[in-house]
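Read off the chains here:
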Amino acid sequence: MRLRYLPIGLAITLLLALATRTRAEITPDQVRDAIQRGANYLKSQQSAARGGWRERPGQPGGVSALCTLALLESGERPDSPAIERALAYLRGLGEPSTTYTSALQIMVFSAADPKKDLLQIRRHAEWLAKAQIVGGERTGSWTYYGQVGERTRGDNSNSQFALLGLFEAEQAGVEIDPRVWQRALEYWLSCQHEDGSWSYYKPVEGESRAPSTGSMTCAGIGALVIASGQLHEGDARVVGETIQCCGPQQDQSPLERGIQWLASRFSVQVNPGMASAGQLDFRRSGLFYYLYGMERVGRLTGRRFIGRHDWYREGAESLVQAQDRLSGYWKGAGHAEDDELIATSLALLFLSKGRRPVVIAKLKHGYGNDWDHHRSGVHHLTRDVERRWQQKLSWQTIDAQAATLEDLLETPVLFLSGSEALQFTAEQKLNLKGYINQGGFIFAEASCGSQAFDRAFRDLMKELFPETTLRLLPPEHPIWFAEREVNPKFMPPLYGIDACCRTSVVYCPQDLSCRWELDRGPRTAKYPVAVQQEIDSFLAIGANVLAYATNRQLKDKLTRPRILGPGGSGQSPARGTLVIPNLRHTGGSEDAANSLPNLLRVVESEADLRLETQPPQIDPSDPRLFDYPIVFFHGRRDFRLTAPQRNALAMYLRRGGFLFGDAICASPEFAAALRREIKLAVPEAEFVRVPFDHPLLRRDFGGKDLPTVTLRDPQLRAGNDPLKAKLTKIRPLLEAVEIDGRLAVVLSPYDISCALENHASLDCKGYITEDAAALGTNIILFALQQ
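Residues numbered from 1 in each chain as written. Predicted model: local features only at pLDDT ≥ 70, side-chain atom pairs only at ≥ 80, totals over all residues. Heavy atoms only, no water.

Undergrad: Pulling in residues and values, what's your account of the overall build of the protein chain?
TA: Secondary structure assignment for the protein chain yields 24 helices and 21 strands. A compact globule built from 786 residues would reach a C-alpha radius of gyration of about 28 Å, and the protein chain, at 30 Å, matches this within 12%. Burial analysis of the protein chain (786 residues in total) assigns 59% to the buried set. Looking at the protein chain alone, contacts between residues at least 24 apart form 74% of all its contacts between residues at least 6 apart. Per element, the accessible surface of the protein chain, about 32300 Å² overall, is 50% carbon and sulfur. Here the protein chain carries 92 positive and 92 negative side-chain charges, and the mean point of each set is 2 Å from the other. (Helix = DSSP H or I, 4+ residues; strand = E, 2+ residues; numbered from the N terminus. Rg over C-alpha atoms; globule rule 2.2 N^0.38 Å. Buried < 20%, exposed > 50% of the residue type's maximum accessible area, 1.4 Å probe, protein only. Contact = heavy atoms within 4.5 Å. Areas by Shrake-Rupley, 256 points an atom, 1.4 Å probe, with all protein chains shown as cover. Lys, Arg positive; Asp, Glu negative; His and termini not counted. Charge placed at Lys NZ, Arg CZ, Asp CG, Glu CD.)

Okay, structure coming up:
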């Protein structure tokens, strides 16, 4: 039997018709382009002389503040000429006089530089606090023009903006009287309708009820989250100098009823509640205002979906389609949205704030709320990391019962918490294992110090990863210092599982989210010193895990994850397609499952080859072995082949086959095992270093000249950043076996696989991604043409 393989010419010349495709989904590039064009439109309308924009009657500075906020959230730098002129204009407006303008100015100054304009923030916050209506049935609300002590008719639109401004003020360090938050919370609860919705105002005796709308229901949901969050520590308490976790949970049924109302009437084309009107323009009245509120609901509650709707993806697609193609503005109908400045600003706020990258997601599992004993914990951790990374971030909740593997891969870190024994279905377990194998990261805790959860989690890890075990992470592991040092007085045990080129599971048998929930952020700390130190240490652990798991590199929210696997696509490849399988063995052949598919994509684009980018995994003794001109053989541990496997491999290599080997994470155990097994299969085989001037390392066969490459060594750190390993220029290190005058085996003792994974590996000694891809491409092209 002779080896059968496909030459390059055949792969290049064979063309197949593409199947008809449905309209493509919205892409990150489309959204970025829409944001840039919208921002350019706003800047083109700015007054060069004043620095502001065209204002509406009775709201001095309101439109200018809204435009400035939209530009800042869209990525305009605070020191850009447009923003500097706008800030100067806003600072010179004089004393606060309207709710909208004061709230928006607080948001602007907080987004630009809260320290620089803290006095401005404080001035407007104090005015808003005094402008809150006190007395009467609308106590706790705001109206357009605040008069201290005046009993007047408040409305829910002004009231939500007041809360948004006060919230940002408190985040900037301005203390807000708790009674302001308490009155606001009671007001919003009192004006929620039985069906869960809100209207523009709270009806009092003798008044008819205003219609419920999506925009005002979004306002109500956001107001409940903000006001209750500022009032309550959450589900954890500090009593004296002791932290008490897993306390009674605050009733969140009003919040859930509001979200259910919104989900049942979800739309990105009209403002729900307006749809009963006969005229289309009226139905779209307040659409951009509603979308801005929807963004806030999704972000503050950590929801990727509202009902069954991916709210950001659907909203972004609708807005991109509605944007004026020539000028870049948006224009709506009614409620001031026929003003392009207002509509464009609100559209930009949805697109820019809603696309904040997800850094962590809570996994909802089981029944009841056992999965979420400390509901604000992850939110507070995300807020802490935002400040440290100087990057706007978001978090989400994923329901294990409804989630697919693709859904799980939307988040780089999956947070698993509970106090009861875990009860995942077989399909959910497969999804969790697939999530790790595709580059995901599980961060788990035993809430309430639960022994039941501890036992169940350890059993789950044994089931999912039988070849490895939870190990106690040593003090030198980056998890203890990746972002900042952990106070040694407060270092709970952390356990990890090494998979896919790194520690991919971190588990703490103590309650982490309890301490995160108690974090007060920039607000004045009111805890005893020892308690605050404990909270800070547990926040540091959370931040370290996120930094380690992500390397502070997060994907765009609209980027769909690519699900790759070692088992192939399940379909026969098209004629003229080159297939390079991954050989199965017991030394970690399933590790770094994305590396070969990712490499094949690079080769396909670089060499214009048709390749099967979801390659199969086969046993060395499989008769199909002789159908493939090249096979891939990587791993991380020692292994031994059976006699039939060695015989098949020997026959394959002697008949012209080529084996591309890689030691994952520069594993000396795997490299030694591969050398041994090749020697046992082909006794005359000798591994020698590939010379620096060998054609394999040159562009002779369509690759690149590689006189030097960059080696990443995690044992040597670059500067003070624990996430940056030292990079060194070296000659490529490849070992080869020659059979009958040709190279039959090429082994890279330094890692290539992990560099090509879907995540950054901080623990692997090997080539940087660019050089790993170049070496892999050169090896494959050389093997095809030598």
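Undergrad: Before we move on, can you summarise the side chain of Glu 534 with the specific residues and values?
TA: Locating Glu 534 in the fold gives a position in helix H20 (residues 529-550). Judged by its relative accessible area of 17%, Glu 534 falls in the buried class. A distance of 2.9 Å separates a polar atom in the side chain of Glu 534 from a polar atom in the side chain of Arg 515. With residues near it in sequence (within four places) discarded, Glu 534 still touches Ile 243, Phe 490 and Arg 515. (Polar contact = N/O pair within 3.5 Å; in protein donor to acceptor, adjacent residues only side chain to side chain.)

Undergrad: Let's hear about the state of the cysteines: which residues, and what values?
TA: With the rule as written, the count across this model stands at three disulfides. For the unlinked cysteine Cys 218, the closest cysteine sulfur is that of Cys 191, found at 14 Å. We classify Cys 218 as buried; its relative accessible area is 0%. (Disulfide = S-S within 2.5 Å.)

Undergrad: A description of the pattern of salt bridges should follow, citing residues and the corresponding values.
TA: Per the counting criterion, the structure on display carries 46 salt bridges. Residues Glu 76 and Lys 43 are paired through a salt bridge, measuring 3.2 Å at the closest nitrogen-oxygen approach. One end of the pair, Glu 76, is in the loop between helix H3 (62-73) and helix H4 (81-91); the other, Lys 43, is in helix H2 (residues 28-44), with 33 residues separating them in the sequence. Between Arg 515 and Glu 534 there is a salt bridge, with its nearest N and O atoms 2.9 Å apart. (Salt bridge = Lys/Arg side-chain N within 4 Å of Asp/Glu carboxyl O.)

Undergrad: Go over a nonpolar patch on the surface with me, naming the residues and quoting the values.
TA: There is a patch of nonpolar side chains on the surface, built from Tyr 144, Tyr 145 and Tyr 200 and spanning about 280 Å² of accessible area. Here Tyr 145 is to be found in the loop between helix H6 (118-131) and helix H7 (156-171). Looking at Tyr 145, the relative accessible area reads 43%, which means it is partly exposed. (Patch = residues over 30% accessible without salt bridge, like charges linked within 9 Å, V, L, I, M, F, W, Y side chains within 5 Å.)

Undergrad: Which residues make up the sheet that holds strand S5 (residues 358-364), and what values do they have?
TA: On the basis of which strands lie adjacent, the open sheet formed by seven strands has the order S6-S5-S7-S8-S11-S10-S9 and mixed pairing. Two strands in the sheet have a free side with no partner beyond their single neighbour: strand S6 (394-399) and strand S9 (471-472). Bridge count for S5 against S6 is six bridges, and the pairing is parallel. Bridged to Val 358 within S6 is Ser 394. Here H20 sits on the sheet and contacts S5, strand S8 (442-446) and strand S11 (502-508); the angle it forms with S11, its principal contact strand, is near 160 degrees. (Pairing = 2+ DSSP bridges. Axes fitted to C-alpha atoms, helices over the stretch in contact; angles between N-to-C directions.)

Undergrad: Please provide a residue-by-residue account of the nonpolar core, values included.
TA: Core analysis: the largest hydrophobic core is formed by 94 residues, its most contacted members being Val 31, Leu 42, Trp 142, Trp 188, Met 294, Trp 330 and Leu 351. For Leu 42, the contacting residues outside a window of four places in its chain are Trp 53, Cys 67, Ala 70, Leu 71, Leu 341, Thr 344, Ser 345 and Leu 348. (Core = buried A, V, L, I, M, F, W, Y, C linked by side-chain atoms within 4.5 Å.)

Undergrad: Tell me about the side chain of Arg 636, and name the residues and values.
TA: Its place among the elements puts Arg 636 in the loop between strand S14 (630-635) and helix H22 (643-654). Asp 591 is the oppositely charged side chain nearest to the buried, salt-bridge-free Arg 636, at an N-O distance of 4.9 Å. Sequence-distant contacts of Arg 636, defined by excluding residues within four places in its chain, comprise Ala 499, Cys 500, Cys 501, Arg 502, Gly 587, Gly 588, Asp 591, Ile 664, Cys 665, Ser 667 and Phe 670.

Undergrad: Could you give an account of the packing of H4 against helix H5 (residues 99-112), naming the residues involved and the relevant values?
TA: In contact at an axis separation of 11 Å, H4 and H5 are set at 140 degrees when each is read in the N-to-C sense. On the basis of the axis angle, H4 is oblique to H5. Note that H4 runs across H5; the crossing there is left-handed. Residue-level inspection shows Leu 87, Leu 90 and Arg 91 of H4 in contact with H5, the latter providing Gln 105, Val 108, Phe 109 and Ala 112. Class assignment for the residues of the contact of H4 with H5 results in five nonpolar, one polar and one charged. (Parallel < 35°, antiparallel > 145°, perpendicular 65-115°, else oblique. Left-handed = near helix turned anticlockwise from the far one by under 90°. Nonpolar A, V, L, I, M, F, W, Y, C, P; charged D, E, K, R; others polar.)

Undergrad: Let's hear about the packing of H5 against H7: which residues, and what values?
TA: Packing of H5 against H7 brings their axes to within 8 Å, and their N-to-C directions diverge by 30 degrees. Considered as vectors, H5 and H7 are oriented roughly parallel to each other. Regarding H5 and H7, the two cross each other, and that crossing is left-handed. Contacts between H5 and H7 pair Thr 99, Tyr 100, Ala 103, Leu 104, Ile 106, Met 107 and Ser 110 from the former with Ser 157, Asn 158, Phe 161, Ala 162, Leu 164, Gly 165, Glu 168 and Ala 169 from the latter. Across the contact of H5 with H7, the residue classes break down as nine nonpolar, five polar and one charged.

Undergrad: Give me the pairing of strand S15 (residues 658-663): which residues, what numbers.
TA: Side-chain positions along a regular strand alternate between the two faces of the sheet. The buried fraction of S15 amounts to six of the six residues, a majority that puts the element mostly inside the structure. Across the two faces of S15 the burial is the same, with Phe 658, Phe 660 and Asp 662 and Leu 659, Gly 661 and Ala 663 all buried. For the segment spanning S14, H22 and S15, crossover handedness is right-handed. Bridge count between S15 and strand S20 (residues 742-748): four bridges; the pairing is parallel. Paired with Gly 661 across the two strands is Leu 747, which belongs to S20. (Right-handed = clockwise from strand over helix to strand, strands pointing away.)

Undergrad: Requested: an account of the packing of aromatic side chains, with residues and values cited.
TA: In this structure the tally under the stated criterion is 25 aromatic pairs. Each ring, one from Tyr 312 and one from Phe 350, has its centre 5.5 Å from the other, and the planes form 20 degrees; the classification is stacked. One end of the pair, Tyr 312, is in helix H13 (residues 311-322); the other, Phe 350, is in helix H14 (residues 340-354), and 38 residues separate them in sequence. Aromatic pair Tyr 750 and Tyr 767: ring centres 6.0 Å apart, planes at 75 degrees, arrangement edge-to-face. Of this pair, Tyr 750 sits in the loop between S20 and strand S21 (766-767) while Tyr 767 sits in strand S21, and the two are 17 residues apart along the sequence. (Phe/Tyr/Trp six-rings, centres within 6.5 Å; stacked < 30°, edge-to-face > 60°.)

Undergrad: So what's going on with the environment of Gln 230? Which residues, and what values?
TA: Following the sequence through the fold, Gln 230 ends up in helix H9 (residues 214-231). Separated by 49 residues in sequence, Gln 230 and Trp 181 have C-alpha atoms that sit 7.0 Å apart.

Undergrad: Give me the lowdown on helix H10 (residues 253-264), citing residues and values where you can.
TA: Here H10 contains twelve residues, and its C-alpha end-to-end distance of 16 Å stays within 8% of the 16 Å for a straight helix at 1.5 Å per residue. Of the positions making up H10, those classed as buried are Pro 254, Leu 255, Gly 258, Ile 259, Trp 261 and Leu 262. Down the axis of H10, the sector holding all buried residues measures 155 degrees, keeping them to one side. Away from its buried face by more than 90 degrees, H10 exposes Gln 260 and Ser 264. Those residues of H10 that are buried are in contact with helix H8 (178-190), H9, helix H12 (287-301) and strand S3 (305-306). (Expected span 1.5 Å × (residues − 1). Arc of directions from axis to C-beta.)

Undergrad: Account for H12, with residues named and values stated.
TA: For H12, with 15 residues, the first-to-last C-alpha span of 21 Å sits near the 21 Å given by 1.5 Å per residue. The element H12 is extensively covered by neighbouring structure, given that 15 of its 15 residues are classed as buried. Phi turns positive, to about 70 degrees, at Gly 302, one or two residues after H12.

Undergrad: Could you give me a rundown of the confidence of the model for the protein chain, with the residues and numbers involved?
TA: Residues at a pLDDT of 70 or more form 91% of the protein chain, whose mean pLDDT is 90. Per-residue pLDDT stays below 50 along residues 1-23; that stretch engages in 35 contacts with residues further than four places along the chain or on separate chains. Low pLDDT, under 50, characterises residues 566-570; the stretch is placed with twelve contacts to residues that sit more than four places away or in other chains. (pLDDT = per-residue confidence, 0-100.)

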